[in-house]
Every structure is written in structure tokens, then in C-alpha cells.
Amino acid sequence: IYNFVFPYSSAITSGRIHVNGVNLHYQCAGRGDHAVLLLPGALGCSQTDFGPQLKFLNKESFTLIGWDPRGYGLSIPPARDYPADFFSRDAKDAVDLMQALNFKRFSMLGWSDGGITALIAAGSYPSLINKLVVWGANAYVTAEDLTLYNAVKDVTNWSPKMRKPMEDIYGMEYFANTFSAWVEAMTHFVSRSDAGNICRHLLPLIACPTLIIHGMKDPMVPSFHPEFLHQQTAPHARG
């Protein structure tokens, strides 16, 4: 296990640190006073999802931490699994990683699953979160969402351009099996008694300034999801 943090370097550096029973990989760039955690989407990692941000965001203003959630990227082992509380587990891992790296208060940029993780972290640990930006995120799962997920469940039908970054990281078998397991995990939210809830109950507890972004051509997240996030976050947190 190694643990390197170089908050005053302009280069992108890497490290691993033991958090909650697993070794989490992260990348660090910048030397600014404002610490920002970058949270990738499903099967994503710092390398696949946040290379431009680590390279180009202002290194004097920000210290950027890109992390690989357990079972993703270079945070393998363990292999990725999806227990019922996997989003909350990721949120605790993310917060505990930043605390272990001595960032007592920080902001978050999260997209897709990383946006959900960021929403849960902001609602669960409001005193630790400075500001929040999320895009491509949803607080609950609907039958319409499941139709979209199942349409892309078989990754062999993805375009080569979309598959290649994941295949390069994981190999085809791990990539295909893990994405299929993710779709199954999202399906289970709809079968629960709380109408697909992921983190609806936490949105009013988010106290930090929050910017919610949505791409109008997003093929996986219908626009009613960001509209709901905007409506349900605390009024002083809306962006």
C-alpha cells in the first residue's frame, strides 16, 4: 500500500490509500486552497472520466482529487459488486478518502453515478461539503429509466469508440459482466417498496450551493430527473 499526496505540485500524481477495508486509487493535481473531489460515472475512473479536468482546471485555485471507486479503475481488487446500499457505500468511501487525505472540507463534481454519490455525500455529511456540481444524475429510478438501461446492457452492441476506454481498463469480460450487474442493480431499485428511491430523502438536507447541469441530448437521463433535483434540493442550495 502506498499513499502519496502532492498538493503543491502542478503535475498529476497518483496514490493508493486504505479506506474502509479497501485500497482506493486516486489522482491529484493542483495546489489551491479549494479542494475538489471528482466523482466518475458507472464503471468510470479518474483516468477515463476526468483527464481534461485534472489537466486544465486552475491549479492555483484548486487542489483536484480524482478517485476510482472500489472495483473500478485501479481500485481493483476487490471486484466491483452492487449490494443494496452501494451508492451510500461509495459516498462514505469518497468522504472518508478525502478525510484520510487531510481535506477536511471540500467540493464535489460528480456525473452519472458519481453525481448520485455526490448528492448522497452532500445530504449525509453536509458540514464537510463546500460546493456541489452534478450532471447526468437522478435521485430515483423509473420504468422508463430501466428501458434505457436494458437497451445498452449488452456492451457488445456499443460502438467501438464507446467500448474501447472500458476495454482498455478492464478487459472485455470484466467490463461486460460488471456493466450487466450494474443494470441489474438499478433494476432492483424499482422493485423496492419505496418507488425506485435512491436518494430522494436526502435532497432537502443538502445545504451547500449546488449547480445542477443537464445535457438536453442526454440519452440515458430524461430531463425530469434534473428538474426534480432542482425542485427538491433546499432553496438556499439551488444553482
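See the structure printed just above.
Here goes a summary of the coordinates provided. (Residues numbered from 1 in each chain as written. Predicted model: local features only at pLDDT ≥ 70, side-chain atom pairs only at ≥ 80, totals over all residues. Heavy atoms only, no water.)

1. Side note on the side chain of Asn138
Point 1. By the element assignment, Asn138 lies in the loop between β6 (129-135) and α5 (143-151).
Point 2. Judged by relative accessible area, Asn138 falls into the buried class, the value being 4%.
Point 3. There is a polar contact of 2.9 Å between the side chain of Asn138 and the backbone oxygen of Tyr140.
Point 4. Asn138 has contacts with Ile116, Tyr149, Ile198, Cys199 and His225, leaving out every residue within four places of it along the chain. (Helix = DSSP H or I, 4+ residues; strand = E, 2+ residues; numbered from the N terminus. Buried < 20%, exposed > 50% of the residue type's maximum accessible area, 1.4 Å probe, protein only. Polar contact = N/O pair within 3.5 Å; in protein donor to acceptor, adjacent residues only side chain to side chain. Contact = heavy atoms within 4.5 Å.)

2. Notes on the packing of helix α6 (residues 160-170) against helix α7 (residues 172-191)
Point 1. Viewed as axis vectors pointing N to C, α6 and α7 meet at an angle of 110°, and their least axial separation amounts to 7 Å. In terms of axis orientation, α6 runs roughly perpendicular to α7. The element α6 and its partner α7 pack so that their crossing is right-handed. Where α6 approaches α7, its residues Arg163, Met166, Glu167 and Tyr170 are matched on the opposing element by Met172, Tyr174 and Phe175.
Point 2. Of the residues contributing to the contact of α6 with α7, the split by class is five nonpolar, no polar and two charged. (Axes fitted to C-alpha atoms, helices over the stretch in contact; angles between N-to-C directions. Parallel < 35°, antiparallel > 145°, perpendicular 65-115°, else oblique. Left-handed = near helix turned anticlockwise from the far one by under 90°. Nonpolar A, V, L, I, M, F, W, Y, C, P; charged D, E, K, R; others polar.)

So far we have only geometry, and geometry alone does not tell us how the molecule works.
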